[in-house]
Amino acid sequence: MSTLLLLPGDGIGPEVCAQVRRVAAALTPDLTIEEAPYGGSSYDAHGTPLLDEVRDQAIASDAVLMGAVGGPQWANAPRHLRPEAGLLNLRKAMNVYANLRPAYCFEALAGASSLKPELVSGLDIMFVRELVGGVYFGQPRGIEDLADGQKRGFDTQTYTTSEIERAGRVAFELARGRKNKVHSAEKSNVMESGLLWKQVITDLHAREYPDVELEHILADNCAMQLVRAPKQFDVIVTDNLFGDILSDAAAMLTGSLGMLPSAAIGDPEKPGLYEPIHGSAPDIAGKGLANPLAAILSFEMALRWSLKQPEAADALLAAVKKALDDGARTRDLGGNLGTAEMGDAVISNL
Ligand code: IPM
Ligand code: MG
C-alpha cells in the first residue's frame, strides 16, 4: 500500500488539496494520505517553513503533493526561512532533479487562451526543467558592501556534466514516447554554463539517443517562438532559471495557470514531488473560488510517475476532460463554479 504526503501550504493550497483528498477517496481508497505543515503556515506555527521531520516524512513517502507556498505576509521573513526557501530545500533534499511541466491545451479551453485558438488547439508541450542546480543553488551568492559605499549582489550559475546529462536523459526518454523531438534551450552565445550545456546535450544525443530529433535553441528565441508558433515544440529541456520563466509563458498559452500540474522526479525508486504550477493566490484564498484542477492533475501525475497506478491516472484524466467538455468552469475559466463544485464535476465522471 502506498502513502501520499499532502503539504497543503499557504493561500489556496489547503482548498485545492481538500479536493485532491476527495478525488483520492473516490478513485484510490487504498492510498494512505498523510498531511504535514509546510510553507508560511509552518513558519507561523513552528518558526520554519520545512521542519526536519516533515522533510524526513517526505523522503519516506511514495509521493509528495504540495498545494501552494508563499504570500505577502511573509515577504519580510528572514530569507532562509521564507516559504520559498522551504520549497527549494525540499526539492534539494528529495533530489528531484527533473521537473516535468506539461503545457497542454484542453480542446474545450482553446478559446480561453490569450493566443488565437488555431495557434493553441492541440498544443502539447512537455518542459523538462532542471530543478536542483544552476543559479538557484550556486555558490557563492550574496549581497556585499563595497568600499565606495555601494552594494554588490551576486549569484553563481553553475552546471556539471552529470547534472546536465541526467536532465537531458529524462527529456530524450520522454520524447521517445511522444513526438520524438527535443529542443534544448540555453544561452551558449553568452554563458559558459550554457556552452557546456549545449556540448553535453550534443554528446549525449550522439551517444545514446541518435534516433531522437534534437534542436538547440537560444532561450530568448525559445520565448519568442513559444508565443509565435508554440505547436512546433514537443519536449523542451532547459536549466532551472530559464525553465522557471519559459514554463510560465507556455502555461498561459493553455488558457489558465489554474489548469497545469507538474511533477518533479529523480531516482525512479524515490518519491516524486508534485505541485500545481499556480501560486498561492492570496487574493482569492479562503473564498472557495480557486480552480482545483491543477492540483487534481498533479495527483494524476503522481499516480502515473510515483504511485504506479497508470489506469487510475487515465481514468482521472478522462474525468477531468469530460467535466470540461460538459462545460464545468471555475471563474478563472470564465465560469462560476466554486472549488468544491469543480471537484464534484470531476468526481461525478470517475
Ligand atoms: C516555480 C516557482 C518557484 C520557483 C518559487 C515559488 C520558488 O516559481 O515553481 O516555478 O522559482 O521555482
Ligand atoms: Mg515559477
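This one's a predicted model, so the numbers in the text were calculated from it and none came from an experiment.

## Re the pairing of strand S9 (residues 213-218)
Right, on to step 1. With six bridges connecting them, strand S8 (residues 181-186) and S9 associate as parallel partners. Considered in S9, the bridge of Lys-181 is made with Glu-213.
Right, on to step 2. Between the parallel elements S8 and S9, the chain passes through helix H7 (residues 192-208) in a crossover that is right-handed.

## As for the domain arrangement of the chain
Right, on to step 1. By the assigned domains, the chain splits into domain 1 (1-96 + 266-350) and domain 2 (98-260).
Right, on to step 2. Of the residues lining the interface, 22 residues belong to domain 1; the matching set on domain 2 comes to 24 residues.
Right, on to step 3. At the junction of domain 1 with domain 2, the criterion picks out six residue pairs in polar contact (both at pLDDT 80 or more).
Right, on to step 4. Among the elements of the structure, helix H4 (83-94), helix H10 (293-305) and helix H11 (310-325) are those that each provide at least two residues to the side of domain 1 that touches domain 2.
Right, on to step 5. In terms of residue class, the side of domain 1 that touches domain 2 is built from 13 nonpolar, three polar and six charged.

## What to know about the pairing of strand S10 (residues 235-238)
Right, on to step 1. Judged by which residues are buried, S10 turns out to be covered on both faces: Val-235 and Val-237 on one side and Ile-236 and Thr-238 on the other are all buried.
Right, on to step 2. Both strand S5 (residues 124-130) and S10 contribute to a ladder of four bridges, which runs parallel. Paired with Met-126 across the two strands is Val-235, which belongs to S10.
Right, on to step 3. The sheet contact formed by S8 and S10 spans four bridges and is parallel.

## Section: the sheet that holds strand S3 (residues 63-68)
Right, on to step 1. One open sheet holds the 10 strands; their spatial order is S2-S1-S3-S12-S11-S4-S5-S10-S8-S9, and the pairing between them is mixed. Because the sheet does not close on itself, it has two edges, and the strands there are strand S2 (32-35) and S9. Across the sheet, the axes of successive neighbouring strands diverge by a mean angle of 25°, strand direction being ignored.
Right, on to step 2. Where strand S1 (residues 3-9) lies against S2, four bridges are found, and the strand directions are parallel. Bridge pairing in S2 places Leu-4 opposite Ile-33.
Right, on to step 3. Of the strands in this sheet, S1, S3, strand S4 (98-104), S5 and strand S12 (272-274) touch H4, which is tilted by about 155° from S12.

## Observations concerning unusual backbone geometry
Right, on to step 1. Each neighbour pair has its own omega, and for Gln-139 with Pro-140 the value is 0°, a cis peptide bond.
Right, on to step 2. Along the chain, Pro-140 falls in the loop between S5 and strand S6 (142-145).
Right, on to step 3. With phi around 50°, Asn-95 is a residue other than glycine that occupies positive phi space.
Right, on to step 4. Tracing the backbone shows Asn-95 in the loop between H4 and S4.
Right, on to step 5. You can call Asn-95 partly exposed: its relative accessible area is 33%.
Right, on to step 6. Residues other than glycine seldom take positive phi values, yet Lys-308 does so here, at roughly 55°.
Right, on to step 7. Along the chain, the position of Lys-308 falls in the loop between H10 and H11.

## Topic: the site of ligand 1
Right, on to step 1. In the region of ligand 1, the neighbouring residues are Glu-84, Arg-91, Arg-101, Arg-129, Tyr-136 and Asp-244.
Right, on to step 2. Between ligand 1 and the protein, one listed contact pairs an oxygen atom with a side-chain N or O atom of Arg-101 at 2.8 Å.
Right, on to step 3. When isolated, ligand 1 has an accessible area of 320 Å², and the protein chains bury 74% of it.
Right, on to step 4. Taken together, the residues of the shell around ligand 1 sort by class into one nonpolar, no polar and five charged.

## Notes on the environment of Val-69
Right, on to step 1. Looking at the element boundaries, Val-69 is found in the loop between S3 and H4.
Right, on to step 2. In this structure the C-alpha to C-alpha distance between Val-69 and Asp-283, which are 214 residues apart in sequence, comes to 14 Å.
Right, on to step 3. Apart from residues no more than four positions distant in its own chain, Val-69 is found in contact with Asp-10, Tyr-38, Gly-39, Pro-83, Leu-87 and Ser-280.

## Quick word on the packing of aromatic side chains
Right, on to step 1. What the rule picks out here adds up to three aromatic pairs.
Right, on to step 2. On the basis of an interplanar angle of 75° and a centroid distance of 5.3 Å, the ring pair of Tyr-159 and Trp-197 is categorised as edge-to-face. Remark: Trp-197 occurs in helix H7 and Tyr-159 occurs in the loop between strand S7 (151-154) and helix H6 (161-176); sequence separation between them is 38 residues.
Right, on to step 3. Taken together, a centroid distance of 4.9 Å and an interplanar angle of 20° make the contact between Phe-172 and Tyr-209 stacked. With a gap of 37 residues between them, Phe-172 in helix H6 and Tyr-209 in the loop between H7 and S9 connect regions that are remote in the sequence.
Right, on to step 4. One Lys or Arg, Lys-92, reaches over the ring of Phe-137 and ends 4.6 Å from the middle of that ring.
Right, on to step 5. Across from the ring centre of Tyr-136, 5.2 Å away, lies the NZ or CZ of Arg-129, which sits over that ring.

Rules of the game
Residues numbered from 1 in each chain as written. Chains lettered and ligands numbered in written order. Predicted model: local features only at pLDDT ≥ 70, side-chain atom pairs only at ≥ 80, totals over all residues. Heavy atoms only, no water. Pairing = 2+ DSSP bridges. Helix = DSSP H or I, 4+ residues; strand = E, 2+ residues; numbered from the N terminus. Right-handed = clockwise from strand over helix to strand, strands pointing away. Domains from an automatic or database assignment. Contact = heavy atoms within 4.5 Å. Polar contact = N/O pair within 3.5 Å; in protein donor to acceptor, adjacent residues only side chain to side chain. Nonpolar A, V, L, I, M, F, W, Y, C, P; charged D, E, K, R; others polar. Buried < 20%, exposed > 50% of the residue type's maximum accessible area, 1.4 Å probe, protein only. Axes fitted to C-alpha atoms, helices over the stretch in contact; angles between N-to-C directions. Near = heavy atom within 4 Å. Areas by Shrake-Rupley, 256 points an atom, 1.4 Å probe, with all protein chains shown as cover. Phe/Tyr/Trp six-rings, centres within 6.5 Å; stacked < 30°, edge-to-face > 60°. Lys NZ or Arg CZ within 6 Å of the ring centre and 35° of its normal.

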